[in-house]
Amino acid sequence: QVQLVESGGDLVQAGGSLRLSCAASGMSFSIYDMTWYRQAPGRERELVASISRRLVTNYARSVTGRFTISRDNGKNTVSLEMKNLKPEDTAVYLCSAALVPGAPKYWGQGTQVTVSS
């Protein structure tokens, strides 16, 4: 059974930092492209950052320069380092795994990030 479990969400002040992690199990982690999405109330789900099986990274324009995605295939984890957080970063952050780019096959339950002004 495939599981993606996110952790690291918290309440933080604007300008602060957080590190999110997503632990995968039940899958051949290294062959999947991994993506962080976020969803805020009343807004559509948004791609935040992705890292392919070949370690190619991609970021939303709104987080470029502030967020860094990385993966550890030995530990089956993907992380999202977030710096200089802004209130507009407030959302539930979800981890996903895809074999076909842009077509997530598995999703985690999400972790809440709240940034206060």
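Up top is the structure these notes are about.
What comes next is a walk through the structure. (Residues numbered from 1 in each chain as written. Predicted model: local features only at pLDDT ≥ 70, side-chain atom pairs only at ≥ 80, totals over all residues. Heavy atoms only, no water.)

**Side note on the state of the cysteines**
Part 1 of the argument: All chains considered together, the criterion is met by one disulfide.
Part 2 of the argument: Between the sulfur atoms of C22 and its disulfide partner C95 the distance amounts to 2.2 Å. The S-S bond linking C22 to C95 shows a torsion near -75 degrees; that makes this disulfide left-handed. Here the residue C22 occupies a position in strand β3 (residues 18-25), and C95 occupies one in strand β9 (residues 91-98), the gap between them amounting to 73 residues.
Part 3 of the argument: The exposure class assigned to C22 is buried, which follows from its relative accessible area of 0%.
Part 4 of the argument: The buried category is assigned to C95, whose relative accessible area is 0%. (Disulfide = S-S within 2.5 Å. Helix = DSSP H or I, 4+ residues; strand = E, 2+ residues; numbered from the N terminus. Buried < 20%, exposed > 50% of the residue type's maximum accessible area, 1.4 Å probe, protein only.)

**Considerations on the side chain of D89**
Part 1 of the argument: Relative to the assigned elements, D89 resides in the loop between β8 (77-82) and β9.
Part 2 of the argument: Residue classification places D89 among the buried residues on the basis of a relative accessible area of 1%.
Part 3 of the argument: Among the polar contacts made by the side chain of D89, one reaches the side chain of R38 at a distance of 2.9 Å.
Part 4 of the argument: Those residues in contact with D89, other than ones at most four positions away along the chain, are R38, R66, F67, N84, V113 and V115. (Polar contact = N/O pair within 3.5 Å; in protein donor to acceptor, adjacent residues only side chain to side chain. Contact = heavy atoms within 4.5 Å.)

**Examining the side chain of D33**
Part 1 of the argument: Counting through the fold element by element, D33 comes out in strand β4 (residues 33-39).
Part 2 of the argument: Of note is the side chain of D33, whose polar atom sits 2.9 Å from the backbone nitrogen of R53.
Part 3 of the argument: For D33, the residues in contact, after removing those within four places along its chain, are I51, S52, R53, R71, S96, A97, A98 and P101.

**With respect to the pairing of β3**
Part 1 of the argument: Of the two faces of β3, only the one carrying L18, L20, C22 and A24 is buried; R19, S21, A23 and S25 on the other face are not.
Part 2 of the argument: Here five bridges tie strand β1 (residues 3-7) to β3, and the two strands are oriented antiparallel to one another. Across the sheet, the residue bridging to S7 is S21, located in β3.
Part 3 of the argument: Bridge analysis of β3 against β8 gives six bridges, and the strand direction is antiparallel. Residue S21 lies in a different strand from β8, and its bridge partner there is S79. (Pairing = 2+ DSSP bridges.)

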